[in-house]
Structures are given as structure tokens and as C-alpha cells.
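# Structural overview
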Amino acid sequence: MKQSVRISVLIVFLMSGLYARAQNRISVTVLDSSSKDPLLGAIVRIKGTQLGALTDEAGKAILNAVPDGKQILEISYTGYLSRFFGASFPLDSSRSSVVIMLAALGQELEEVTVTATRTNSRIEDLPMKVEVLGEDDMNEENTIKPSSIASILGDLSIIHIQQTSQVTGSASVRMQGLDGKYTQLLRDGVPLYDGFSGSFGVLQIPPLDLKQVEVIKGSVSTLYGGGAISGLINLVSKEPTDSQQVSLTLNQSTLKETNINAYYAKKSKYIGLTLFTGITNQQAVDVNKDGFSDVPEIRSGLIHPRVFFYLHPNIKLNAGLNTLLENRAGGDMQAINFKSDTTHAYYERNQSTRNTLDMHFSWGFRKNQSLNVQGASSFFDRNIEQRGFIFQGRQQSDYYEASYHADFKRHNIVGGLNYIDERFRKLQSDSTLLRDYYYQTLGSFIQDGWKILPKVLVETGLRFDHHNIYGNFFLPRIALLYKPKDQLSIRLSSGLGYKTPTIFSQQTLGSNIRYLLPLNNQLKAERSIGVNMDINYSFHIATKLLVQLNQAFYYTQIANPLIIENQNQTQEVRLINSGLLTFSKGTDTYIRMKYRAIDMYVGYNHTIANYSSGAKDFVLFSPQDKFSSTVAYEIEHKWRFGIENSWVGNQYIAEGGIKGRNYWFWAAMIEKKFSRVSIVLNCENIFDVRQSRFEQIVIGPYSRPTFRGLYAPIDGRIVNLALRISL
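Residues numbered from 1 in each chain as written. Predicted model: local features only at pLDDT ≥ 70, side-chain atom pairs only at ≥ 80, totals over all residues. Heavy atoms only, no water.

## Comments concerning the pairing of strand 40 (residues 663-673)
Here is the rule we go by: Each residue is assigned to one of three classes by its accessible area relative to the maximum for its type, calculated with a 1.4 Å probe on protein chains only: buried under 20%, partly exposed between the two thresholds, exposed over 50%. What counts as a helix is a DSSP run of H or I of at least four residues, what counts as a strand is a run of E of at least two, and both are numbered from the N terminus. Paired strands, as defined in this entry, are two strands with at least two bridges between them according to DSSP.
Burial along strand 40 is one-sided: Y663, F665, A667, M669, E671 and K673 are buried, and none of W664, W666, A668, I670 and K672, which face the opposite way, are. As paired strands, strand 37 (residues 639-649) and strand 40 are joined by ten bridges and run antiparallel to one another. Residue pairing for strand 40: W639 is matched across the bridge by K672. Linking strand 40 to strand 41 (residues 677-684), which pair antiparallel, is a turn of three residues.

## Focus on the confidence of the model for the chain
This is how it is decided: pLDDT measures the predictor's confidence residue by residue and takes values from 0 up to 100. Two residues qualify as a contact provided that any one of their heavy atoms is within 4.5 Å of a heavy atom in the partner residue.
Here the chain averages 87 in pLDDT, while 93% of its residues score no lower than 70. Confidence drops under a pLDDT of 50 for residues 106-111, and excluding neighbours within four residues, the segment shows eleven contacts in the predicted structure.

## Thoughts on the pattern of salt bridges
Any two side chains of opposite charge can pair, given that their charged atoms come close. Just so we agree on the cut-off: Just to be clear on terms, a salt bridge is a Lys or Arg side-chain nitrogen sitting within 4 Å of an Asp or Glu carboxyl oxygen.
Tallied over the entire structure, the rule returns 26 salt bridges. A salt bridge links E140 to R640, with the shortest nitrogen-to-oxygen separation between them at 3.1 Å. Taken together, the residues span a long stretch of sequence, with E140 in helix 3 (residues 135-142) and R640 in strand 37 at a distance of 500 residues. Under the relative-accessibility criterion, E140 is labelled partly exposed at 24%. Using a relative accessible area of 16% as the deciding quantity, one classes R640 as buried. With a closest N to O distance of 3.9 Å, R174 and D179 form a salt bridge.

## Here's the deal with the sheet that holds strand 5 (residues 69-76)
As a reminder of what qualifies: Angles run from 0 to 180 degrees between N-to-C directions of axes, and those axes are lines fitted to C-alpha atoms, restricted for helices to the stretch in contact.
An order of 3-2-5-6 is seen for the four strands of this open sheet, with the pairing classed as antiparallel. At either margin of the open sheet sits one strand with a lone partner, and together these are strand 3 (52-54) and strand 6 (83-89). Strand-to-strand twist in this sheet, taken as the mean axis angle between neighbours without regard to direction, amounts to 20 degrees. Here strand 2 (residues 43-46) runs beside strand 3; their pairing, made up of three bridges, is antiparallel. Bridge pairing in strand 3 links R45 to G52.

## A few points about a nonpolar patch on the surface
What counts here: Like-charged residues within 9 Å of one another, or nonpolar side chains (Val, Leu, Ile, Met, Phe, Trp, Tyr) within 5 Å, are grouped into patches, provided each residue has over 30% relative accessible area and no salt bridge. Note on areas: these come from Shrake-Rupley sampling with a 1.4 Å probe, and a residue is covered only by the protein chains present in the view.
A contiguous nonpolar surface patch, about 430 Å² in accessible area, is contributed by L480, L492, V531, M533, I535 and F553. Sort the elements by how many residues they give to the nonpolar patch and strand 29 (residues 526-541) lands first, with three residues. Here L480 is to be found in strand 27 (residues 471-485).

## Remarks on the nonpolar core
To keep it simple, the criterion reads: Residues enter a nonpolar core if they are buried and are Ala, Val, Leu, Ile, Met, Phe, Trp, Tyr or Cys, with the set joined through side-chain atoms within 4.5 Å.
Ranked by size, the top nonpolar core spans 24 residues in total, and within it L153, I159, V213, V215, I233 and L235 carry the most contacts. Broken down by secondary-structure element, the contributors of at least two residues to this core are helix 4 (150-154), strand 12 (171-175), strand 14 (210-217) and strand 15 (231-237). If we ignore the near neighbours within four places in the chain, the residues touching V215 are K129, V130, E131, L153, L156, I159, M175, L232 and I233. With 23 residues, the next largest nonpolar core counts F424, Y437, I503 and F504 among its residues.

## Side note on unusual backbone geometry
Backbone torsion omega between F89 and P90 reads 5 degrees, so that peptide bond is classified as cis. Within the secondary structure layout, P90 lies in the loop between strand 6 and strand 7 (97-102). Even without glycine at this site, Q176 takes up a positive phi of about 55 degrees. The backbone of N685 sits at a positive phi, close to 60 degrees, despite the residue not being glycine. The residue N685 is located in the loop between strand 41 and strand 42 (698-699) in this model.

## A short note on the packing of aromatic side chains
Here is the rule we go by: When two rings of Phe, Tyr or Trp (its six-membered ring) have centres within 6.5 Å they constitute a pair, described as stacked for plane angles under 30 degrees, edge-to-face for angles over 60, and tilted for the intermediate range. By definition here, charges over rings are those cases where NZ of Lys or CZ of Arg is within 6 Å of the ring centre and within 35 degrees of the ring normal.
Considering all chains together, one arrives at 21 aromatic pairs under this definition. Relative to Y437, the ring of F424 lies with its centre 5.6 Å away and its plane at 25 degrees, an arrangement referred to as stacked. In this pair, F424 is assigned in strand 24 (residues 411-426) and Y437 in strand 25 (residues 437-453), connecting sequence segments 13 residues apart. Between F618 and Y652, the aromatic rings sit 4.5 Å apart at their centres with planes inclined by 5 degrees, giving stacked as the arrangement. Here F618 is found in strand 35 (residues 615-618), whereas its partner Y652 is found in strand 38 (residues 652-654), with 34 residues between them in sequence. Looking at F618, the relative accessible area reads 27%, which means it is partly exposed. Under the relative-accessibility criterion, Y652 is labelled buried at 13%. Chaining the aromatic ring pairs together yields one cluster made of F391, F424, Y437, Y439, Y470 and F504. We note R592 situated over the ring of Y590; from NZ or CZ to the ring centre the distance is 5.0 Å. Looking at K672, its charged tip hangs above the ring of F674, at a distance of 5.4 Å from the centre.

Here it is, written out as C-alpha cells:
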């Protein structure tokens, strides 16, 4: 009996020890070291294990079942310096609850600081809706589509990339269902991608050269003038960091595309340097075997050096040169390969050269006050050759701006002056009737972000522009941000916009330039009014799943819209002011979720864009419905997996209510990471969806073909293998 009692006591003792071991528990509260506010969604984990948790609204995370022995706890949060501390388990009761202060990390915070708003505010403090694709996104896209950022922009539900020409491969960036000419494209805050030089736009901008891409939804013409009616995309170049950076990417695709991209950056106390260079070699490919190229031949080279001078802790100057040389050829495959005859004679060759000089100067002369001066000049030459026709043109664009920014206790003020000019001239006589032109715009702007209450910010702005041809434009704007708590924000904004007529736009550059007629002197500028609203809410589920929900609504009305009119009995086309109004209204919904090493994104956009004057005609090539989703899983420093899809539906492609086919687009990637090397295998358009499977795209005789409008992919399935080396 005594023996059995001893055994029973021993069993109870062992079980209680095991139970105590299984119940090792620690409570960690994570706070901002400056404001002492709790940080929602901070990650607390035991290093080297899968054990972890996310902090709740009080900044608290609880870890249960921590193994015995010495453990290292890692606490991390986006935009903050990670903290580590060690503890030996089991803990005594006095150490079972700890408070960790995280300090903001300047470099990381810059990744979520939006420069296009001119106030350099953090994204969560802005009264306008902004999406930011950060440096990690750019580095990943560099191994998927190294030659351009068009693909990653199309991953956002509110953006639709529409290919406008099968021959040249040109594309238009549509936002809120409107034509691409209403989306303004900037490089480091400078608008130099309009007019003749906007022919290929985002197709010539590699992601490895970018720190982030800022997408502002809705009208921001008050800040940047004409063109930013449906939205604005600002491409932010990389800057040197304290540690030297060297990155090399080699890429090869099954679509016969070869890319070599290299980036170098170094910084010392007084000077810094960044250098990007890239080469693309794309062979022409006839995917559907109809005798015409579905992917044009491309030979391009790009070099972009920038020098930074740190003259004083509060004074910085940088200057850069961006040079691009590119040859494109598309059309009949025999003609492209210099084997043309009387039947196989259709082709188009584009030779383009772009040189851009830019300078940026900033001086923080007082506390929270700064003077900023920037300027850029761009020189663009393009030679277009078709059988029996040559067109040569040159465009020079200049942009100069001086602005003042002051961030006071309750007011965030920015104001300034800018000057824009655009000069185009033909380099030789040809059969077209196009004429040289010279546009000048002098503008002034002021904006005040007034924090009326701790949770309410009202931002008002006013811009005045004078155009040498189309006169004066007053552009008021107002925006409201209400944050009842850190996890919830409500935004409402409204503003006016305008777009002056130009013979070279996303509408016309997809057409054959030889048949464009000059602008009518009676044309009027397009004028718009837009309203945007969104609600953003972040919360957690069971402390492990962090969820961000955003619901946006928008409405835009455009008066005097410019449309293309085909001349009777000829191929000639001209721009006219339609007597109708253009309307765009819709909703944009997305959910971002993070569960440990899994990131998820689900977005849905619904847009109705139409002309209206009693009867309704829908805007063509504008999908009314787009669904997008992405799932990524990462094993730290070892593997990364990702899969994404999108559904595009209800797209009108011709007058009379004719719709195109709805389609799904799927892509997947796998990345193996080593210490300084990554190997990426990626597949775009997994199920080989092509418009040529739905209908014949090239119609008419081989010698003088016509092409249907493009609304779905035509390049088919693409597999690429990329090698990335980082030093």
C-alpha cells in the first residue's frame, strides 16, 4: 500500500511538472517609444520556432506553451526597429509580464511616407486615399517582369492595363474606368510623360530602379495641374543608404525575352551615388500563328545615374540623368524579318531616344519648415517607319517648381509656383497634316491641412493655372479625414480638374499616326469634378490574424470630353469635343490579411463609365467588374511562394452594346533564397487565356490589315526564370 502511494505521488509530481512546463506563459505589451501608444498587430515570436502572436488593440500579445530553457523573443512591427530579449523558462511570477518600447526606424518609415502629396506625411495621416507599392514589391517584380512596372500596377483592382496596339505593344493605364489620358504619371514628382513622349510610358520603367510607387485615387489636379482627373501615379527613385548596395538580375522567359538589370548605390558623409542600368532583348513572337506579331521585337538600353550632395544636415541636393534607347518592330512576321513582298508588307518600326536631366534641392531652414526647388528637362525623339511612310518628331518638355512647406502644430501648409512647357516639332516633311506646337502653363498652388480637432483634419487647396492656348483654370479642392481611433479612418474629398487637348494622347497614339488630323482651333479643354470617399478599418482575429478592410466610393463627371471621330470614306481621324458628359462611378473594396508568414490580398472593383445625354453609351474597353487576389507564404531566408489571380468582366468593346468575353488570369511563382542569391521561377497566364481564342484579331488583307480593339491578353502563357544576386 505504501509502495502504491509513493508511485501515485511520483506520477502526480511528474504530471504536475509536465503541466507546468506546458503552461509556460508570458505576456508582452508593445508600445511606441515616443507616444507610448499601443501598437496593434506587432509580431511577438520565439526565435527559431513557429510560436508567435500578434498584439491586440491594447498592444498586448500572450504566448502560451513556451518550451523550457533559455529563449529569445523577437518583437517586430512595420516601420519600427525590431527588439530582442532573452528569458529563461519557466519564469517567476514577477517576469511573466513585460513591456517593450519600439523606436521608429527612419528608413522604414520613409517606405510608407507619401511624397506625391508634397507634405511628406505618413500614409495613415493623409486625407486622400493612397496605395503604396514598396521596395519589397519592386524587388519582387524585378524578378517577374524586369523591363516594366505595368504588370504590378495591374495587380491593383482599381487599375486596368489595356493594351492599345498589337503592333507596338503600347498600353494605357486606366483608373476609375476612365481613359488613360486622365491618369497622370510622375517620376519623382515631375510630370514628363505626356504628349508625344508618352507613347510607351510605364512600359519603359523598370522596377529595380524604384523605391516605391504611390497611387493616389481620384482628382489631385490642385497639386499637379491638368491631367490628374482619375488619379495619379508617382514613381519614386531609390536613394543611397548608409550601407553599400549592389544588385544584379538576369532573366529569361519562354516568350524569348532576355533582361539584364544592375543597380549600385553608395553613400558617404557628404556625397552619395546611385546607378541603374538595364538591357532588354525581346524577339518578335507570333503566339497564335496568324502571321502577325503578338509581341513586338524590342531592343532597349537604359542608364540612370544620380548624384546626391549632403551639404548640411538640413540641406540636400541631387541631380540625375536618365537615358533610354529603344527600337521596336511589329506587324507581319515576314516584313519584320526583312522578307517583305507585295503580300507581306505591313510593319511598323519605332526608334526612340529619351534623355531626362533632373535636379532636386531641399533646405530645412527652420524647424518644421523647408524650401524645395526641383526642375527637369526631357528630350524625346521618335522615328516611326511604315512601308512608304516615315514620321520623325521631337518633343522637349520642361518642368520647374519652387515650393514652401511648413508643419505647424495644427496646420500643415504647402504652397508654390511651377512652370511647364511642351514643344513639339516635326524633323522632316511627311504626308501627315500634323503641325508643330508650343504649350506653356504657369501655375500657382496652396494647400492647408488644418487639424481642427485631435481626430479631425480638414485639407483645403486652391490652384490657378494659365495656359498659353486654352486660358485660365481655377481648381479648388477640399478633403476631410476623421480618425475616431487609430484603427479606423474615414476620408472624403472633392476637387475640380482639367485636361487640355493634345494631338498625342493615349487615345490617339494607339491609332495609325499617319492618319491623324491636326487639332481644330475651336476645341475646348475638358473639365471635371470628382468626389471620393473611403473607410479603412484594421482589426485582429484571435490576436494571430491581422485584417485591414478598405471600402471606397467615387464619382467623376467630365464636361467637353474629347473623342475620336472617323472621317467618312477615309482612314483619317480627328479629335472633337463630344456634346455628351462622361460619368464614372463605382466602388473599390479590398481586404489585406496577415497570418504569421502568410500575406493575403482580395480586391473587387465595380465601375460604370458612360456618356450620357438622354441616352447612355458605355465607355469602351473599361471593365465594369474586376476581382483580384494574391496569397504569399514565406519561409524566412529560405523560400517564398505566391499565387495570384484576377477576373475581368462586363467590358464593352464596340458600339451597340457589344461585350467582350469575361476571363480569368492566373499566375504563380516560387523563389528559393540563399544568403545573397535568389532563384525565381514564375508563370504568368497559367491557363493561356488569349483574345485570339475568342475571335480573330487581324482582319482584312495581309498587305493592309486592320486590328480589332484589344481587351484581353494576346501574349499567352509566359514562364520566366530569374537569378538575383545581392551584395
